[in-house]
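# Structural overview for review
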Amino acid sequence: MGRYLGRRLLELIPVFFGVLLVVFIITRLTPGDPAVVMLGEKATPEAVARLREVLGLNETLPVQFLRYLGRTVQGDLGRSIQSNERVLVELIARFPATIELTFAAMLIASGVGILTGVIAAARQNSWFDGVSMITALFGFSMPIFWLGIMLILLFASYLGWFPISGRLDYTIDLARQTNLYFVDALLARNWAAAANVLRHLVLPAVTLSTVPLAIIARMTRSSLLEVLRQDYVRTARAKGLTEGGVIARHALRNAFIPVITVIGLNVGSLLGGAILTETIFAWPGIGRLVVDAIFARDYPLVQGAVLVIALLFVLVNLLVDLSYAYLDPRIRYG
Amino acid sequence: MRYRFRILVPVLLLTAALLIAPVNLQGAAMARTSWDAKACGATGGTLVFAQADDAVSLDPNDIEDGFSVNIDSNMFDTLVRFRADGTQVEPSLAESWSVSADGKTWTFKLRAGVKFHDGTPFNAEAVKFTYDRQINNKHPYFPGAAPYASFSYQNVTKVDAVDAQTVRFNLSAPFAPFLTNMAMFSTAIVSPTAVKKYGKDFFKNPVGTGPFRFVEWVKKDHVTMAANQDYWAGRPCVDRLIARAIPDNTVRLLEMERGTVHVIDQVNPPDYERIRKNKDLVLFTGPGLNTGYIALNVEKSPFNDVRIRRAVNYAVNKAALIRAFYAGVGAPAKNPIPPTIWSYNDAVPAYEYSVEKAKQLLAEAGYPNGFSTELWWPNRARPYLTQPPKIAEALQAQLAAAGIRARLVTFEWGTYLEKIRNAEHPMAIIGWIGDNGDPDNFLYVLLDKDNAEKGKANNYAFYKSEALHSLLIKAQQVGEQSQRAALYRQAQVIIHNDAPWVPLVHAARVAAYRKAVQNYFPHPLEIRWLHRVWLAR
């Protein structure tokens, strides 16, 4: 196990260099000069020339890459071209918003999705099975943008149960230590703030959860149905266990492997940001950061963000792989 | 009688003293400025305004986007400032100024006793420091890009701090728009102490002399500012000012309907009616300081023929575009400058919408069956171009009716600008938002031959007219506004005749706010100065 873990972590190094190189090349291949984009319609030739010099864009590409590589290895991701902020600071400020939202959305998606899937499988071909699976299909195909606006209109604007947008009311003072607002509120024992954070989380999390929820529910159902047809389950039933007992004690664990894989992949991709949800709910997450940075040709920021997202994705997948061994004793990493 | 005199004499003396004492003259001067005329009906409360995006930077010397300008302008002052109701300038940090006979030296007398939010006294050194850090990219406190420096300090060669209250700008050549440039956000005076203290992090620790001081910035979420109680022109009406970033237009409006936001920018045209019907809300529409146009590349055939360019002008139905895509609140354009700018020449006739005339001109030019070309459009909504793909399609259909078969071509914004700067387009939709309300900012920048060099051009028509050039240069050098206006009026006639553009529209400026918001006038420059705004209970 230890050796396996070590090997997997070592594999991060080529991934790291690969991502650095690929992102560097792609950003440079994309047409559009950051100096021109930044200065917009108003650019004067002198301003463009001066900005290119300041940004080091007049160097040859290999020199730019080596400089970038050298700095990155030392943990310096550079400064954002647009805001002049250190890329690392920018990422540290924005990632927690995404992590909080991802976590909340996946909590809803996994909880509701697995429960729905299990009931649908246990009562295959019942009305519940039919309705839930058709609903899941809807959830999967619903445009997020439309759903988000509808939720806001109904639950925030019309009924007034939830705030419309943002992460926290400006009237509430909260010391931001981790930038995970819920954690910050708990650390400060500020229960009013914690409640306010949760209320802000509900609508965007529900919006973001619909697609993974649908996938998880359908995956749980089909995987569980497959397991329920296996011999050892028939044996368990023959021993006189109730259907509930069979599912809970024998079938579920084995059925979880593909479900965990799906959850892992979804967590990984949600950590890359959810641009539509973030835009509708004015959520200051990493998705908007990356998209804005790409449009602004903010090379250092794009590079830094993609690097961190890629590393997180690999780490989440590693966790998924490790969970296989826990779920299925036949899987051993040596 | 005697008794009466005993009172009258001191009263008269006191009155005389009040009239001649310099401190009171200053007071009188202050009361004359257009901003101070707007009194606070009540003080206190928190004013929240929401816009589509957050500031990029809180350093006014290092920004170019409107979102940053709206926020930074509430924390910083400039030497002179735009009047509350227009684009003429009046005193601000400078109480008075004079220009030398040759037009090359401008001397400003600075207001005494003004302090930055960190306590640093405001003086001529601070003005010089603000200039030096922007103009020299080797300066230890160069702000990163200073995107506007070469524009706003055009022709300035050196700034001298003559004494604490006197600063002198030396210009290489007389430049009439200089004074208006000194009212632009990019020349806002920063606290040298704070810049030196925070270095590269000044952009998130802004210190100015403005009506609000900086409190907190949660990126892409909000900026909080608090009233500067010691503001030299009197404290702002509200205690706190919060600028929120809410990207979605509908969501921003919903927040305002709920009362969690007081003032918003950028409303979807279909929502205008919804706001008008809401008794708690106000919809403001006024003429905008922008022009959307099609640049006809005069270097490319057949647009090198003036008859073809005029034919394109006749083929476009501007009124239909405005009805369909600007909710009817824009104005059709016939000149490059909008009617809100002085020197607008209303005597210039518009090319009326006439497919017949267009066809006739095409036939005269040797294209009786029309011709095929490309119409380029930018894939990014701008104030002057609300719905780019739809407007482009409508123009394509209008041109086709006259026999001009245009294929639509687009690129992502940054690439688009680069390509049209390189003259790769035959026809390109683009526009301009005024920076300082000076005609030079449109006519010279967008149509002079000086700005038609490939790769660097702002003159996307690549139109080079000697006659126009001599008028525009002369207008930069004469001091009198009436003389300048006459020159610019002539310039507009030349441009009309040569038709390097199809001027399309001057989009309206639109803002919406809650009824409780008092004293709010959405400024023609579309900058949100909010210090004289107060909240009715």
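As a reminder, the structure under discussion sits directly above these lines.
For the structure given in this document, a descriptive report is provided here. What you are looking at is a predicted structure, and each value in this text was computed from that prediction instead of being measured.

## Thoughts on the environment of Val195(B)
Residues and elements named next belong to chain B.
- Relative to the elements of secondary structure, Val-195 occurs in helix 7 (residues 192–198).
- For Val-195, a relative accessible area of 0% translates into the label buried.
- Each C-alpha atom, one on Val-195 and one on Leu-179, is 25 Å from the other, the two residues being 16 residues apart in sequence.
- Once residues within four sequence positions are removed from consideration, Val-195 is found in contact with Phe-129, Arg-133, Tyr-141, Val-190 and Phe-202.

## Overview of a nonpolar patch on the surface
Residue and element names in this part refer to chain A.
- Taken together, the side chains of Leu-10, Ile-13, Phe-17 and Val-73 make up a nonpolar region of the molecular surface, amounting to roughly 380 Å² of accessible area.
- Per-element tally for the nonpolar patch: the top contributor is helix 1 (residues 2–29), with three residues.
- Looking at the secondary structure, you find Ile-13 in helix 1.
- Judged by its relative accessible area of 44%, Ile-13 is partly exposed.

## Considerations on the pairing of strand 8 (residues 212–218) of chain B
Residue and element names in this part refer to chain B.
- Across six bridges, strand 8 lies against strand 9 (residues 222–227) in antiparallel orientation. Among the inter-strand pairings, Arg-213 is bridged to a residue of strand 9, identified as Ala-226.
- In sequence, strand 8 turns back onto strand 9 through a hairpin of three residues, with Lys-220 there showing a positive phi of about 60°.

## Description of the pattern of salt bridges
- Applying the stated criterion across every chain, the model contains 38 salt bridges over all chains.
- Close ionic contact of Glu90(A) with Lys219(B) constitutes a salt bridge, the shortest N to O distance being 2.8 Å. With one member in each of two chains, Glu90(A) in helix 5 (residues 87–122) and Lys219(B) in the loop between strand 8 and strand 9 form a pair that bridges those chains.
- Residues Arg176(A) and Glu216(B) are paired through a salt bridge, measuring 2.7 Å at the closest nitrogen-oxygen approach. Residue Arg176(A) is found in the loop between helix 7 (144–158) and helix 8 (181–187), and its partner Glu216(B) is found in strand 8; the two belong to separate chains.
- Given a relative accessible area of 24%, Arg176(A) falls into the partly exposed group.
- Here Glu216(B) falls in the partly exposed class, since its relative accessible area comes to 27%.
- Linked by salt bridges that have partners in common, Arg81(B), Arg83(B), Asp85(B) and Glu90(B) make up one network.

## Section: the packing of aromatic side chains
- Applying the stated criterion to the full structure yields 28 aromatic pairs over all chains.
- With a centroid separation of 6.2 Å and 70° between ring planes, the pair formed by Phe116(B) and Phe122(B) is classed as edge-to-face. For the pair formed by Phe116(B) and Phe122(B), the shared burial category is buried.
- Residues Phe129(B) and Tyr141(B) carry aromatic rings whose centres are separated by 6.1 Å and whose planes lie at 45° to one another, so their mutual orientation is tilted. Residue Phe129(B) is found in helix 4 (residues 124–135), and its partner Tyr141(B) is found in the loop between helix 4 and helix 5 (149–152); the two are separated by 12 residues along the sequence.
- Classification of Phe129(B) by relative accessible area gives buried; the value is 9%.
- Connected via pairs of aromatic rings, a cluster forms that spans Trp97(B), Trp106(B), Phe108(B), Phe169(B) and Phe178(B).
- A cation sits over an aromatic face here: Arg167(A) above Tyr181(A), 3.7 Å from the ring centre.
- A cation over a ring is seen here: Lys419(B) above Phe411(B), with NZ or CZ 4.9 Å from the ring centre.

## Some details on helix 16 (residues 466–477) of chain B
All names here are of chain B.
- For helix 16, with 12 residues, the first-to-last C-alpha span of 17 Å sits near the 16 Å given by 1.5 Å per residue.
- Buried within helix 16 we find Leu-468, His-469, Leu-471, Leu-472, Ala-475 and Gln-476. One face of helix 16 carries all of its buried residues, which in axial projection span an arc of 165°.
- At its buried positions, helix 16 is contacted by helix 15 (440–447) and helix 17 (481–498).
- At the N-terminal boundary of helix 16, the capping side chain belongs to Ser-465, with an oxygen 3.5 Å from the backbone nitrogen of Ala-467.

## Section: the packing of helix 9 (residues 191–228) of chain A against helix 11 (residues 243–271) of chain A
All names here are of chain A.
- The interhelical angle for the contact between helix 9 and helix 11, taken along N-to-C directions, is 145°, at an axis separation of 8 Å. Helix 9 and helix 11 meet at a crossing whose hand is right-handed. In this structure, helix 9 uses Leu-208, Pro-212, Ile-215, Ile-216, Met-219, Thr-220, Ser-223, Leu-224, Val-227 and Leu-228 to contact helix 11, whose residues at the interface are Glu-243, Ile-247, Ala-251, Leu-252, Asn-254, Ala-255, Pro-258, Val-259, Val-262, Ile-263, Asn-266 and Leu-270.
- When its residues are assigned to classes, the contact of helix 9 with helix 11 shows 17 nonpolar, four polar and one charged.

## Details of empty space enclosed by the protein
All names here are of chain B.
- Tallying each qualifying case throughout the model produces nine cavities of 30 Å³ or more.
- Residue composition of the lining of the largest cavity, grouped by class: nine nonpolar, four polar and two charged.
- Of the voids in this model, the second largest cavity is the one considered here, and its volume is about 80 Å³.
- Looking at the lining of the second largest cavity, the elements with two or more residues in it are helix 17 and strand 18 (501–506).
- For the lining of the second largest cavity, the leading source of residues is helix 17, giving three residues.
- Within the lining of the second largest cavity, the residues separate by chemical class into seven nonpolar, four polar and one charged.

## Considering the sheet that holds strand 5 (residues 105–110) of chain B
All names here are of chain B.
- The four strands lie next to each other as 4-5-7-6, forming an open sheet whose pairing is antiparallel. What marks the edges here is a single partner per strand, and that holds for strand 4 (94–99) and strand 6 (156–163). Pairs of neighbouring strands in the sheet enclose a mean axial angle of 20°, with direction left out of account.
- Note that strand 4 and strand 5 share five bridges and pair antiparallel. Counted as the bridge partner of Trp-97 is Phe-108 from strand 5.
- Where helix 4 meets the sheet, it contacts strand 5, strand 6 and strand 7 (166–171), and its direction lies at approximately 160° from that of strand 6.

## Overview of helix 7 of chain A
- Spanning 15 residues, helix 7 of chain A covers 20 Å between terminal C-alpha atoms, matching the ideal 21 Å at 1.5 Å per step.
- Maximum bend of helix 7 of chain A: about 30°, positioned at Ile152(A).
- By the burial criterion, the buried members of helix 7 of chain A are Ile144(A), Leu147(A), Gly148(A), Ile149(A), Leu151(A), Ile152(A) and Ala156(A).
- Turning to helix 7 of chain A, the residues buried within the fold contact helix 9 and helix 12 (275–280) of chain A together with helix 8 (249–258) of chain B.

What counts as what
- Residues numbered from 1 in each chain as written.
- Chains lettered and ligands numbered in written order.
- Predicted model: local features only at pLDDT ≥ 70, side-chain atom pairs only at ≥ 80, totals over all residues.
- Heavy atoms only, no water.
- Helix = DSSP H or I, 4+ residues; strand = E, 2+ residues; numbered from the N terminus.
- Buried < 20%, exposed > 50% of the residue type's maximum accessible area, 1.4 Å probe, protein only.
- Contact = heavy atoms within 4.5 Å.
- Patch = residues over 30% accessible without salt bridge, like charges linked within 9 Å, V, L, I, M, F, W, Y side chains within 5 Å.
- Areas by Shrake-Rupley, 256 points an atom, 1.4 Å probe, with all protein chains shown as cover.
- Salt bridge = Lys/Arg side-chain N within 4 Å of Asp/Glu carboxyl O.
- Pairing = 2+ DSSP bridges.
- Phe/Tyr/Trp six-rings, centres within 6.5 Å; stacked < 30°, edge-to-face > 60°.
- Lys NZ or Arg CZ within 6 Å of the ring centre and 35° of its normal.
- Expected span 1.5 Å × (residues − 1).
- Arc of directions from axis to C-beta.
- Polar contact = N/O pair within 3.5 Å; in protein donor to acceptor, adjacent residues only side chain to side chain.
- Axes fitted to C-alpha atoms, helices over the stretch in contact; angles between N-to-C directions.
- Left-handed = near helix turned anticlockwise from the far one by under 90°.
- Nonpolar A, V, L, I, M, F, W, Y, C, P; charged D, E, K, R; others polar.
- 1 Å grid on protein atoms, 1.4 Å probe; cavity = no way out; pocket = protein on both sides within 12 Å on 5 of 7 lines; lining within 4 Å.
- Points joined across faces, edges and corners; volume = space filled by probe spheres on them.
- Bend = angle between axes of the 7 residues up to and from the residue.

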